[in-house]
Amino acid sequence: MRLLRLSALALAAGSAHGYLDTSPFFMFSTSELLNPDSQLQSASNLVSNVAVSLSTCPSDYYILVTQSGVSSHDYESIKNTPVLAQALSGHSARGIRSSMVVPDVTGSIDSSSWTDLLRSKCGVQVTEIDGSKGAIPATIPSAPRLLKVTLPKPSSQRQTDLAHNDAFFASVLDMLPTQSYTVLYTTTRAGAVEVVESVEYDVESQLQESLHIDLKRDLGLVVRAGNGTKNNQTMIDGPLFDKYQFFTPGIFMGLLVSFLLFSILYVGVSALASLQVTYAAFDKEMGQLAAKKQQ
């Protein structure tokens with residue numbers, strides 16, 4: 001029982017840390033890119049898969065968005081990022097033909113390899129746009145072009161800040177001279193120490209406390225067993241129901257059979273009690289009616 005409980009706590013601790021170390025990734029393009037969705041991917045695997053699609057130079061413009069301090073929970077509501085949600089839904093009026101969503105990416109995404117690939121393969125020039133300043137260039141330079149858009153980390157008013165960042169991102173898309181673009185939307189956690197979720201995970205402390213209690217209890221049993229051996233006695237410490245077994249399988253089966261027999265007896269007695277016979281049925285027939293029947 002102890003081993004099962006400790007194993008469950010360890011598994012819960014691993015799941016909690018795995019969830020805290022992941023971040024979502026989004027990608028959509030006006031070109032046909034074969035990048036299927038998946039629930040969980042490693043950062044290295046994701047970078048290599050996206051690099052294969054970018055190596056064909058599918059678009060004139062590439063928008064590399066970096067959003068820090070978020071998690072998958074922030075993108076569950078469409079109200080937080082309506083433009084991004086509409087683009088990924090496939091019902092956008094922007095001509096989106098393919099999209100890719102990975103809710104949980106383990107590790108840190110190294111987007112520099114994508115930048116180097118686009119520079120060497122497609123000959124793109126890089127333009128950086130800082131979303132924290134809220135300023136968008138009056139004109140977007142000619143293609144091929146890589147736009148690095150850095151969005152500010154949301155504050156305590158997460159929904160408002162994310163909606164503002166989404167509107168800024170939409171403004172960048174509207175400024176593109178052509179409708180030939182690919183968006184790489186990367187996200188990162190706020191950090192290993194700062195936890196964005198409102199739920200606190202204290203599984204490790206519970207696991208350590210449980211291990212300490214069980215170890216102390218086992219040591220106590222060993223000491224008491226050693227003392228009992230010296231006195232040629234075996235002492236079992238604990239409550240009364242730990243020392244003696246009152247409810248054995250035999251008693252349980254006996255009670256079950258007794259219940260069935262008493263149920264049958266109750267049905268039989270109830271059936272006999274429900275019979276209704278008049279007293280006249282047991283009286284002898286007298287008078288002229290009896291004489292006629294005898295003839």
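Residues numbered from 1 in each chain as written. Predicted model: local features only at pLDDT ≥ 70, side-chain atom pairs only at ≥ 80, totals over all residues. Heavy atoms only, no water.

(A) Focus on the side chain of D104. With respect to the secondary-structure elements, D104 resides in strand 4 (residues 98-106). Of the buried charged residues, D104 lacks a salt bridge, with R189 as the closest side chain of opposite charge at 6.3 Å. For D104, the side chain forms a polar contact with the side chain of T22, separated by 3.2 Å. A polar contact of 3.1 Å, which involves the side chain of D104, links it to the side chain of Q39. With near-sequence residues (within four places) excluded, D104 lies in contact with T22, S23, Q39, L40, Q41 and S72. (Helix = DSSP H or I, 4+ residues; strand = E, 2+ residues; numbered from the N terminus. Buried < 20%, exposed > 50% of the residue type's maximum accessible area, 1.4 Å probe, protein only. Lys, Arg positive; Asp, Glu negative; His and termini not counted. Salt bridge = Lys/Arg side-chain N within 4 Å of Asp/Glu carboxyl O. Polar contact = N/O pair within 3.5 Å; in protein donor to acceptor, adjacent residues only side chain to side chain. Contact = heavy atoms within 4.5 Å.)

(B) Summary view of a nonpolar patch on the surface. Together, F252, M253, L256, F259 and L260 line one region of the surface with nonpolar side chains, adding up to about 560 Å² of accessible area. Considering the arrangement of structural elements, one finds F252 in helix 8 (residues 249-273). The exposure class of F252 is partly exposed, given its relative accessible area of 45%. (Patch = residues over 30% accessible without salt bridge, like charges linked within 9 Å, V, L, I, M, F, W, Y side chains within 5 Å. Areas by Shrake-Rupley, 256 points an atom, 1.4 Å probe, with all protein chains shown as cover.)

(C) Summary view of unusual backbone geometry. Omega for the bond connecting A143 with P144 falls within 30 degrees of zero, at -5 degrees, which places this linkage in the cis form. Positive phi, close to 50 degrees, is recorded for C57, a residue that is not glycine. Following the sequence through the fold, C57 ends up in the loop between helix 2 (43-54) and strand 3 (61-68). Since its relative accessible area comes to 29%, C57 is described here as partly exposed.

(D) Representation of the environment of A87. If you trace the backbone, A87 turns up in helix 3 (residues 82-89). Placed 59 residues apart in sequence, A87 and F28 show a C-alpha to C-alpha distance of 7.3 Å. Those residues in contact with A87 that lie beyond four places of it in its chain are F28, S92 and I96.

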